[in-house]
Amino acid sequence: MEPVGPEPSLYTVKALLILDSLGQRLLAKYYDGTFPTAKEQAAFERNIFSKTHQTGGEIACLEGLTVVYRSSADLFFYVVGGCQENVLMLSAVLTCLLDALGHLLRKEVEKRWLLDNMEGTFLVVDEIVDRGVILESDPQQVIRRLSLRAPEPAAYGFVLFDYLAGGSERRDSGDTGQHK
């Protein structure tokens, strides 16, 4: 018996987009060759924004793709999958992204805060989706992983500062800097 439909794949997400209230790209990650050129990507982003920015829905089918989207303040978030993709999985990615960014920014996700923390935004996206494969859909796990990556202040930085400030000379000579 022949299988019906496409072969199952781990490569679920075709694109993840964050657009502002005018439809301008703030962040876009395309994970396959569906839109190979920047011109095609920009046209797709204009099309997706024009079809979704005034509607109240959360799911759309555009150009043979399944799009799950949501707005937050002055931003629009999109997760794009193939036409046969599981909408619940795409929605879980979107919810994870919004929740993790909300926790990272400690506020409602707005354009100004997002732009100020763009490196953290890229880290969140990379923790959730890698090359189109969904890695995580639990925002608490994403936040935990990011907190483990937070760099500790390097001890040599303080030692160097202490040396430049002359603190090491006082310690070496036994002088504590206090006079009797």
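Everything quoted here is computed from the prediction, not taken from an experiment. (Residues numbered from 1 in each chain as written. Predicted model: local features only at pLDDT ≥ 70, side-chain atom pairs only at ≥ 80, totals over all residues. Heavy atoms only, no water.)

S.K.: Could you give an account of the sheet that holds strand β3 (residues 59-62), naming the residues involved and the relevant values?
M.R.: Strand order in the open sheet formed by five strands is β2-β1-β5-β4-β3, with antiparallel pairing between adjacent strands. Two strands close off the open sheet at either side, each with one partner strand: β2 (25-30) and β3. Each strand of the sheet is rotated relative to its neighbour by a mean of 20°, with strand direction disregarded. Relative to strand β5 (residues 75-82), strand β4 (residues 65-72) is paired through eight bridges, and the arrangement is antiparallel. (Pairing = 2+ DSSP bridges. Helix = DSSP H or I, 4+ residues; strand = E, 2+ residues; numbered from the N terminus. Axes fitted to C-alpha atoms, helices over the stretch in contact; angles between N-to-C directions.)

S.K.: Break down the nonpolar core for me, citing the residues and quoting the values.
M.R.: One finds Leu16, Ile18, Phe77, Leu97, Leu101, Val124 and Ile128 to be the most contacted residues of the largest nonpolar core, which totals 29 residues. Counting residues per element, the ones that place at least two in this core are β1 (13-20), β2, β5, α2 (87-105), α4 (118-128) and α5 (139-149). A total of nine residues in this core trace back to one element, the largest contributor, which is α2. In contact with Val124, other than residues within four places in its own chain, are Leu97, Ala100, Leu101, Leu104, Val142 and Leu146. (Core = buried A, V, L, I, M, F, W, Y, C linked by side-chain atoms within 4.5 Å. Buried < 20%, exposed > 50% of the residue type's maximum accessible area, 1.4 Å probe, protein only. Contact = heavy atoms within 4.5 Å.)

S.K.: Requested: an account of the pairing of β1, with residues and values cited.
M.R.: Buried residues dominate β1, accounting for seven of its eight residues. Taken together, the seven bridges between β1 and β5 define a ladder with antiparallel strand orientation. When the bridges of β5 are listed, Leu17 appears paired with Tyr78. Both β1 and β2 contribute to a ladder of five bridges, which runs antiparallel. Counterpart to Leu17 in the pairing with β2 is Ala28. Turn length for the β1-β2 hairpin, with the two strands adjacent in sequence and antiparallel, is four residues, and the turn residue Gly23 shows positive phi of about 85°.

These values are about where atoms sit, not about what they do.
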